[in-house]
Amino acid sequence: MIKIEGISKEFNEGIRAKRVKALDDLTLQVPKGEVFGFLGPNGAGKSTAIKILVNLIRADQGEASIMDRDVNDTGVRKHVGYLPENPYFYDYLTAEELLWFGGKTTGLSSLAIKQRTDELLRQVNLQSARKRQLRTYSKGMVQRAGLALSLIHDPDVAILDEPMSGLDPLGRKMVGDIILELKARGKTIFFSSHILTDVERFCDRVGIIVAGKLRLVDRLDNLLIGNASLEDVFLQEVDKAGGAMEI
Amino acid sequence: MTTLWPIALITFKEGIRNRALYGITLLALLLLIANFLISGLFMQEIGKVAVDIALSAVSLSGLLLVLFVGINLMEKDLDKKTIYMVLSRPISRSQYIVGKFLGMALLIIITMVFLSMCAMLSIQLIKMAYPTYFQRFSWPMVLLALSFSTLTMILLSALAFLFASFTSTSFITLVLTVIAYIIGQSLSDVKALVEAPQVVGIQVSAITVKLVQIAYYLFPNLSIFDIKTHAAHALPLSLSYIFWTVIYGLVYTALAVTGAAVIFRRREFP
């Protein structure tokens with residue numbers, strides 16, 4: 001479903017244009033119906049990999065595809081829902097208008113948009129704020145509106161970058177429930193998170209990336225043998241790579 | 001069009017609800033009210049002064065709209081990363097630019113129509129108060145001047161889009177757009193001057209003449225859209241001048257937006 005093969009990406013950093021490697025030969029596959037947790041310290045390259053998947057940036061080397069279509073193909077995003085980290089939307093639009101935009105650009109009919117909007121805003125608990133402009137929303141509310149936007153067209157693949165960020169425990173539970181519901185419906189979910197307990201709860205497999213290199217990919221049940229927690233596994237991999245390097 | 005329309009509509013909504021727009025509109029309305037007082041101070045040619053002030057107020061507001069609302073609409077997407085939400089849909093970078101520009105053009109047209117109606121109301125009221133000063137007056141010329149002013153703003157916003165496609169901050173886009181506006185307004189005068197310097201008794205080097213000539217063909221000649229004097233004095237304009245001016249404006253706009261789309265196709269959004 002999601003295929004990343006040998007992807008590398010460098011960025012220019014600073015006024016002397018020093019090249020910094022954000023991703024180094026990343027290869028990864030996520031089959032249909034799997035919930036994949038993408039973990040790593042800050043600046044490890046998680047968001048870079050995700051942005052390549054939604055074509056916001058382009059890989060220097062390697063290939064990425066979703067549903068066997070290259071990620072540069074605009075049409076593939078009809079089947080992909082993306083929630084950016086710390087999303088920011090148009091200040092003067094309402095949640096309803098935001099979802100209308102999401103629906104229209106993915107080819108939904110007006111009736112389908114209305115039905116999906118009602119359903120999703122109820123799910124993310126924004127029914128009463130649906131006609132309010134987004135600039136009046138709290139951070140958590142914007143995050144929830146973003147999640148609704150990413151799912152308005154009922155995508156086959158959901159790519160969620162830190163979906164729990166900025167949410168209170170109720171919000172986190174709500175997002176968790178949505179992920180579990182998507183999983184039950186056979187959707188493929190690729191998400192990054194710092195909250196390891198959430199990852200343990202939802203994911204079938206996890207990948208740990210440190211300093212642009214994928215250090216480990218395995219099924220969660222293989223990793224959590226005995227008393228080992230995901231936190232232990234994570235810290236061990238980061239230590240092996242020489243600590244949480246900033247890039 | 002199914003992709004362009006949603007982008008254009010949210011751009012328009014975001015722009016029309018922007019508080020800066022209300023400030024600009026309020027300024028225009030104050031200028032148009034002041035038109036009564038200022039025109040009344042003149043003891044002669046009240047009609048011409050009233051038309052000139054009304055058209056200038058609309059042009060100034062249009063310029064502020066492009067500089068402070070238009071540029072912001074585009075740059076905010078890049079600064080605040082709102083563009084993530086747009087480009088993660090099945091929308092190409094070129095479609096984003098074209099859709100965004102259409103929304104901006106719609107915003108300019110609607111705002112300029114509203115301001116033009118206010119300007120015409122202000123002229124009409126002064127006309128009723130001082131009918132003898134409006135012997136040589138033509139509504140069609142006023143309407144044409146307002147339409148040309150609108151076209152200038154659309155062209156300028158296309159240029160702003162072109163600059164935004166390769167600059168990294170809204171400030172640079174703003175500066176480049178202002179420079180392009182100033183050059184565009186004065187270029188034909190400067191060209192006439194450097195090509196015939198003997199008229200005013202100055203010397204101009206051949207390189208300067210060449211540079212001005214290159215700039216003349218590179219930057220839009222905005223002075224051809226400025227027909228305030230014709231409107232104020234009810235001077236006629238040939239149909240061919242009107243036709244070619246409109247074609248020039250539309251072609252330049254299309255080229256600038258196409259250029260912006262081509263450059264934007266290569267951009268990344270880390």
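An account of the accompanying structure is given in this report. Residue positions within a chain follow its written sequence, with the count starting from 1. Naming scheme: in the order in which they are written, chains are lettered from A and ligands are numbered from 1. Thresholds applied to this predicted model are a pLDDT of at least 70 for local features of residues and 80 or more for the giving and counting of side-chain atom pairs; totals over whole chains, interfaces and linings are not thresholded and use all residues.

**A look at the overall build of chain A**
A run of H or I in DSSP counts as a helix once it spans at least four residues, and a run of E counts as a strand once it spans at least two, with each numbered from the N terminus. Regarding its fold elements, chain A presents 8 helices and 10 strands. The principal-axis extents of the C-alpha atoms in chain A amount to approximately 50 × 45 × 35 Å. We call a residue exposed when 12 or fewer other C-beta atoms sit within 10 Å of its C-beta, buried when the count reaches 20 or more, and partly exposed for counts in between; the C-beta positions come from the backbone. Taken over 247 residues, chain A has a buried fraction of 46%. Residues are scored as being in contact if the C-beta atoms we place from backbone atoms lie within 7 Å. Intrachain contacts of chain A at a sequence separation of at least 6 include 68% that bridge at least 24 residues.

**So, the sheet that holds strand S7 (residues 157-161) of chain A**
Residue and element names in this part refer to chain A. Between any two strands, pairing holds if DSSP finds at least two bridges. In space, the 6 strands of this open sheet follow the order S6-S7-S8-S3-S9-S10, with mixed pairing throughout. Edge positions in the sheet fall to strand S6 (80-83) and strand S10 (213-219), since each of these pairs with one other strand and no more. This sheet shows a mean twist of 15 degrees between the axes of neighbouring strands, independent of strand direction. Relative to S7, helix H1 (residues 46-53) is tilted by about 145 degrees, and along the sheet it contacts strand S3 (35-39), S7, strand S8 (188-192) and strand S9 (205-210). Helix axes are fitted to C-alpha atoms over the stretch in contact, other axes to C-alpha atoms as well, and angles between N-to-C directions run from 0 to 180 degrees.

**Structural notes on helix H5 (residues 169-184) of chain A**
All names here are of chain A. Take the number of residues in a helix, subtract one, and multiply by 1.5 Å to get its expected span. With 16 residues, H5 should cover 22 Å at 1.5 Å per step; its first-to-last C-alpha distance of 22 Å lies within 8% of that length. Of the residues making up H5, those classed as buried are Gly 171, Val 175, Ile 178, Ile 179 and Leu 182. The buried residues of H5 occupy one face: seen down the axis, they fall within an arc of 100 degrees. Exposed side chains of H5 directed beyond 90 degrees from the buried face belong to Pro 169, Leu 170, Asp 177, Glu 181 and Ala 184. Contacts made by the buried residues of H5 are with S3, helix H3 (110-123), helix H4 (139-151), S7, S8 and helix H6 (196-202). A positive backbone phi angle near 80 degrees is found at Gly 186, which sits one or two residues after H5. As used here, the arc is the angular range of directions from the helix axis to the C-beta atoms.

**Quick look at the interface of chain B and chain A**
Opposite the 22 residues of chain B that make contact, chain A presents 26 residues. With 4 residues, the single largest contributor to the side of chain B that touches chain A is helix H1 (residues 4-16) of chain B. Considering only residue class, the side of chain B that touches chain A consists of 9 nonpolar, 6 polar and 7 charged. Three categories are distinguished: nonpolar for Ala, Val, Leu, Ile, Met, Phe, Trp, Tyr, Cys and Pro, charged for Asp, Glu, Lys and Arg, and polar for the others, with Gly belonging to the last.

**Description of the environment of Phe190(A)**
All names here are of chain A. With respect to the element layout, Phe 190 can be found in strand S8. Using a count of 26 C-beta atoms within 10 Å as the deciding quantity, one classes Phe 190 as buried. For the pair Phe 190 and Leu 170, spaced 20 residues apart in sequence, the C-alpha separation works out to 22 Å. When residues no more than four places from it in sequence are discounted, the contact partners of Phe 190 are Ile 2, Val 30, Phe 36, Phe 38 and Ile 159.

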